[in-house]
Amino acid sequence: MTDAPDTAPPAAPGRAAKLGFTALFAVLGLAALVAGSEIPPAVYEPVGSRAFPLALGALALGLAAAQAALLLPGLLRGRPAERDEPAAELWPAEARAAAAFALTVLWIGLVALTPLPFAPGTALYMLAMLAFLLRRCDARFLALAVPVSAGFAWGLTLLFTRVFYLSL
Amino acid sequence: MPTLKAALCATAIGLGTAIAGPALAEFPERPVKLIVPFGAGGGSDGLARAIQAGIEKHDLLPVPFVVVNAPGAAGTVGTRQVLGAEPDGYTLLQIHQEMFAAAALGRVDYAPDDFEPVIQASRGCMFVAVPEGSEYRTLDDLMAAAKAAPGGLKQADDIGSATHFPSAQLMSQAGTEWRIVPTGGTSKRFAALKGGFADLAFMSTPWLTRGKGELRPLAALGEERFPEMPDLPTAQEQGYDVTACLARRYWAPKGTPPEAVEAVADAIEAAMGTEEVQAYLEASGEDAAVLRGDALRAAIEADYGSYLDVLDVVKATSGQ
Amino acid sequence: MLDAYAHVFTGGLPWILLGTATGIFVGSIPGLSGAMVISLALPMTYFMSGSDALLLLVSMYVGATTGGLVSATLMRMPGTEAAIMTTLDGYPMAARGEPGRALGIGVLASFIGGMLAWVILALLSPPLSVVAVRFGPYEIFAMTVVALSLIAAISRGSLLAGLMAAGLGALVSLPGIDPISGTLRLTFGFSGLDTGFALLPVLLGTLVVAQVFVDCRTPSAPPPPRGEAARVAMHIRDVTRYAWSYVRASVIGAWIGILPGVGGTTASIAAYSVEKAMAKGPERFGRGAEEGVIASEAANNAGTVGALVPLITLGIPGSVITAVLLGAMVIHNLNPGPLLFAENPGIAHTVIGGALAANLAMLLIMWLATPLLARLMYVRKAWLLPGIVIFCVIGAFSVSNRWLDVGVMLAFAALGYLMHRARIPTGPFIIAYILTPMAEQNLRSGLVVYDGSFLPLLTRPVPALFLLIALGSIIWALAGELRSRRAQRAAIQPPPGTAPGHENR
């Protein structure tokens, strides 16, 4: 996550995220400018292939600069900003989302890059996600979640590989 | 859990075959996958689905024949998938000259030589069209106007596509150049002609009837006249050695065993005779044009050669 | 044409019912949006005929707009964005002991709004398409500029955020094959980017998977307390008494929906304001005024149907969902745009007929299923989230049978999550992502047609008019932005340290 670390003033996630987004936006705009300037200029019509990348790249940098100018004074002064929703008890909300994302990336990475077949990988992923989200791992939960995950994963896999012939 | 067991079994078998490699006896023992590098619903997809239906309904292969759409980047996304596939005959590609266009322009790092041609199935020739109200009544009128004002005429087309190359052939035959207005597929070209934003376009045969009263055909771009419009002379008859026909061909990865190529080609050739494929040809205005083996190789070489010949003209009219 | 209608009401009927019911169901669950379910359903439609696919998606669209009414009325949570205004008066009505009547009025308003807008759709689309067929590249370009400028107008109050979102969407649409010269650009030498960022991974990532990760933040929040299961009470008296409110809101909603770039939400806000201004007792609004529910619900459904007009006659999307529908038509090779009526009249009339059938199905399903829906709203979302991700992964994979697109989807999910945290709206992002290539292609095509001259943009009447509209909406948005900033500063200055009061959730 490009989110700014916890050095930001407390309880200002909206602002830190906005700064992260602005930085990302500026980087992408710069990339479009650099790559766009390497495209040969047009001879066939006056605008050419490079015009949109260059114009949009410049626009992005301009907007990002404007946003940064609006955000930075507030951040530097450390004015308390809008409050976040009530924090979850065990894990900070941001970390929960990041963990769910990491779990998903791990699942896709394993299924796409290693010989782990799609169906068992997906069943394990679903089980892990359910346990993580519901914060349960007791027998009653497993009795329900294991068949649900396995059924869902194998059912979908069979449907899409046998009926629709995707090479999952 | 029988499903689970079955699925595990299936995966194990699948893994086993993958490890055992291509050179097993009795070629088709699992589904044959045909990659169509264009979206569902287009002409390429139409033929592929018709061939699939023909093969399945008439049991022309002992295994399922599966069509997979892998569109993107003018057909190169799907083409790359076949390029990188195991050369075992289980992964095939169906594409027309768009592959030659991408290779000739150097947009990709592969060439037709990197594939094993399997069979050519059908061909659809285009015609030269001008708007009904146009002042040009013959191809000669049009070419004279092009010569009188080089760069003045506008042709609705796709830059760098499989129809840009035959357009360039016509330009070099007429000894002049005109501009390509980038529009898109045939229906967009039709709109450009109708709105007066272009002077000419290459159109596919269904537009002979669909564009009646709006389009004036000037020349057929095949070797022979269209049966549905026998009065329309070909460009060759009028002294311009140009043809523009999309030939739908099947390819396998380089190194695919000849037996596998033969087995698939047999099935596709047999499918060409089924009512499913005939219905497709009827609707699309294409003709069955089966070519195999050396005849196919020769046709591909001539085709790709003709693309390379006009590469400079194509580049000159793409603004590069 | 009759064939198309016959198909809609026979072979297409199962898809209509399925689509409407799914749309209503998803629309009624806060956090699951219509754009989300349609993006999810899109890959499934690869395996259907083009016309059935459109029937399914159009009815999901109609259903999702309506479904938001249930949770808005019973729980004060808009199930979909378009139901925001319904919470203002629907919930107070329910709270004072008339939940059934509030729902009944809302369902009827949705139905009447949808039907009146449908009449406009059916009457206006064919002649509009005849005019639009003559539109050249500059005309289309000018219209995309209008649609893009309306992004600014709908982002009033947070203009910079909307513009950044749109700028990012435009940037993301650039890599791949240049639509005009056919050469590659911004691929950074990576052949996987030759086709750019494909529609489906971008949509699924930013709209669906990102929302899942947002929901992962607080999945164990206890479900809201169970309310009394309500039934839908529809009274003739409520129709006759507020007849003019229904008509006014429907007409306003339909016309706003027709504007390229805006959809049901804007329509319902506008209709609500008008209704409040015209009402005899405006102070009742916000405390359970029947006309408030009527205005919001009639206008959002009318706007939903109205947004189909630019979609099928011009090929220009009016909202995020119609942008997804446009993508669906492209995927099925249906050439959305002025030629649709000439070339593929069956499809055009299928969309129109589908909107009619979906409205009828909506009335029936809402009447029968609302009590059930009221109970289903309490399902724990944690059970749904992993399944949604799995569906999205398969959907992104199925685009071109490659894992790369799944990776792209996950990257855009991260981006969408960041945007959510930063309160950057995703609507402008999606609309700009879809419209920018259209704008670029038509501008550059026009330059070839007019010998490199920009002048026809100003001398041809249609482009000039549209550019004027675009300029007007940008000025309007800028003025509003300046005013709200000034007001904000004035509000903040006197007592130092007061939290800025904007963008409350």
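Residues numbered from 1 in each chain as written. Chains lettered and ligands numbered in written order. Predicted model: local features only at pLDDT ≥ 70, side-chain atom pairs only at ≥ 80, totals over all residues.

### A few points about the overall build of chain A
To keep it simple, the criterion reads: Numbering of helices and strands runs from the N terminus, with a helix taken as a DSSP run of H or I at least four residues long and a strand as a DSSP run of E at least two residues long. Neighbour counting defines burial: a residue surrounded by 20 or more other C-beta atoms within 10 Å of its own C-beta is buried, one with 12 or fewer is exposed, and intermediate counts give partly exposed, using backbone-placed C-beta atoms. Note on contacts: each residue gets a C-beta atom placed from the backbone, and two residues are in contact if those atoms are within 7 Å.
In terms of helices and strands, chain A carries 5 helices and 0 strands. Going residue by residue from the N terminus, the α and β elements of chain A occur as α-α-α-α-α. Classification of the 168 residues of chain A by burial places 34% in the buried group. Put simply, 57% of the contacts in chain A that link residues at least 6 apart link residues at least 24 apart.

### Side note on the confidence of the model for chain A
In regions of low pLDDT, the predicted coordinates are not meant to be interpreted in detail. Residues and elements named next belong to chain A. Condition: Along the chain, pLDDT gives the predictor's confidence residue by residue, from 0 to 100.
Chain-level statistics for chain A give a pLDDT mean of 82 and a share of 82% at 70 or above. Residue range residues 1-12 is modelled with pLDDT below 50. Its contacts to residues more than four positions away, or to other chains, number 24 contacts. Contacts from residues 81-89, a stretch scored under 50 in pLDDT, to residues over four places away or in other chains number 15 contacts.

### So, the nonpolar core
Stated precisely, the cut-off is as follows: By definition, a nonpolar core groups buried Ala, Val, Leu, Ile, Met, Phe, Trp, Tyr and Cys residues that are joined through C-beta atoms within 7 Å.
Core analysis: the largest hydrophobic core is formed by 318 residues, its most contacted members being B:Leu92, B:Leu221, C:Leu57 and C:Ala355. Leave out the neighbours within four places in its chain, and C:Ala355 touches C:Val58, C:Val62, C:Trp118, C:Leu121, C:Val305 and C:Leu308.

### What to know about the packing of helix 4 (residues 50-75) of chain C against helix 6 (residues 99-133) of chain C
Residues and elements named next belong to chain C. Rules: Lines fitted to C-alpha atoms define the axes, with helix axes restricted to the stretch in contact, and inter-axis angles between N-to-C directions lie between 0 and 180 degrees. With respect to orientation, any angle under 35 degrees is reported as roughly parallel, any angle over 145 as roughly antiparallel, any angle of 65 to 115 as roughly perpendicular, and every other angle as oblique. Each helix crossing is assigned a hand: it is left-handed if the near helix lies turned anticlockwise from the far helix by less than a right angle, otherwise right-handed if that turn is clockwise. Residue type decides the class: Asp, Glu, Lys and Arg count as charged, Ala, Val, Leu, Ile, Met, Phe, Trp, Tyr, Cys and Pro as nonpolar, and the leftover types, Gly among them, as polar.
Two numbers describe how helix 4 lies on helix 6: the axes approach to 10 Å, and their chain directions differ by 160°. In this view, helix 4 runs roughly antiparallel relative to helix 6, as classed from their interaxial angle. Helix-helix and strand crossings are classified by hand; for helix 4 and helix 6 the assignment is right-handed. Facing helix 4, whose interface residues are Val-62, Thr-66, Leu-69, Val-70, Thr-73 and Leu-74, helix 6 presents Pro-99, Ala-102, Leu-103, Gly-106, Ser-110 and Gly-114. For the contact of helix 4 with helix 6, the residue count by class is 7 nonpolar, 5 polar and no charged.

### Let's talk about the interface of chain A and chain C
Buried accessible area, meaning the area lost when the parts come together, often serves as the stated size of an interface. Taken together, the contact between chain A and chain C spans 54 residues of the former and 51 residues of the latter. Among the elements that make up the side of chain A that touches chain C, the one with the highest residue count is helix 1 (residues 13-37) of chain A (11 residues). Counted by class, the side of chain A that touches chain C contains 38 nonpolar, 9 polar and 7 charged residues.

### Observations regarding the domain arrangement of chain A
Put simply, the test is: What marks off one domain from the next here is an automatic or database domain assignment.
When its domains are assigned, chain A resolves into domain 1 (13-77) and domain 2 (93-163). The straight-line distance from the C-alpha centre of domain 1 of chain A to that of domain 2 of chain A is 38 Å.

### Topic: the domain arrangement of chain B
Residues and elements named next belong to chain B. Each assigned domain of chain B is listed with its residue range as follows: domain 1 (31-123 + 246-309) and domain 2 (125-244). The gap between the C-alpha centroids of domain 1 and domain 2 is 27 Å. Each partner contributes to the interface: domain 1 provides 11 residues, whereas domain 2 provides 9 residues. Grouping the constituent residues of the side of domain 1 that touches domain 2 by class yields 4 nonpolar, 5 polar and 2 charged.

### Here we look at unusual backbone geometry
Residue and element names in this part refer to chain C. Even without a glycine there, the phi angle at Arg-423 is positive, about 55°. As for its position among the elements, Arg-423 is in the loop between helix 19 (403-421) and helix 20 (426-449). Of note in the backbone geometry, Asp-451 takes a positive phi value of approximately 55° without being a glycine. Within the fold, Asp-451 resides in the loop between helix 20 and helix 21 (456-459).

### Considerations on the environment of B:Asp59
The residue B:Asp59 is located in the loop between helix 2 (43-57) and strand 2 (65-69) in this model. Residues B:Asp59 and B:Ser134, 75 residues apart in the sequence, show an inter-C-alpha distance of 51 Å.

### Some thoughts on the pairing of strand 8 (residues 215-220) of chain B
All names here are of chain B. Condition: Two strands are said to pair when DSSP picks up at least two bridges between them.
Of all 6 residues in strand 8, 5 are buried, a share of seventy percent or more. Here 5 bridges tie strand 4 (residues 115-131) to strand 8, and the two strands are oriented antiparallel to one another. Each bridged residue has a counterpart across the sheet, and for Val-130 the counterpart in strand 8 is Arg-216.

### Quick notes on the environment of C:Ala295
Residues and elements named next belong to chain C. Structurally, Ala-295 can be placed in helix 13 (residues 290-306). Owing to 38 C-beta atoms within 10 Å, Ala-295 belongs among the buried residues under this scheme. Sequence spacing of Ala-295 and Arg-231 is 64 residues, and the spatial spacing of their C-alpha atoms is 21 Å.

### What to know about helix 9 (residues 258-272) of chain B
All names here are of chain B. Applicable threshold: Expected helix span is given by 1.5 Å per residue-to-residue step, counting one fewer step than there are residues. Directions from the helix axis toward the C-beta atoms define the arc.
Compared with the 21 Å implied by 1.5 Å per residue over 15 residues, the 21 Å span of helix 9 between its first and last C-alpha is a close match. Within the span of helix 9, buried status applies to Ala-260, Val-261, Val-264, Ala-265, Ala-267, Ile-268, Ala-271 and Met-272. The buried residues of helix 9 all sit within an arc of 160° when viewed along its axis, so they share a single face. In helix 9, the exposed positions angled more than 90 degrees off the buried face are occupied by Pro-258 and Glu-259.

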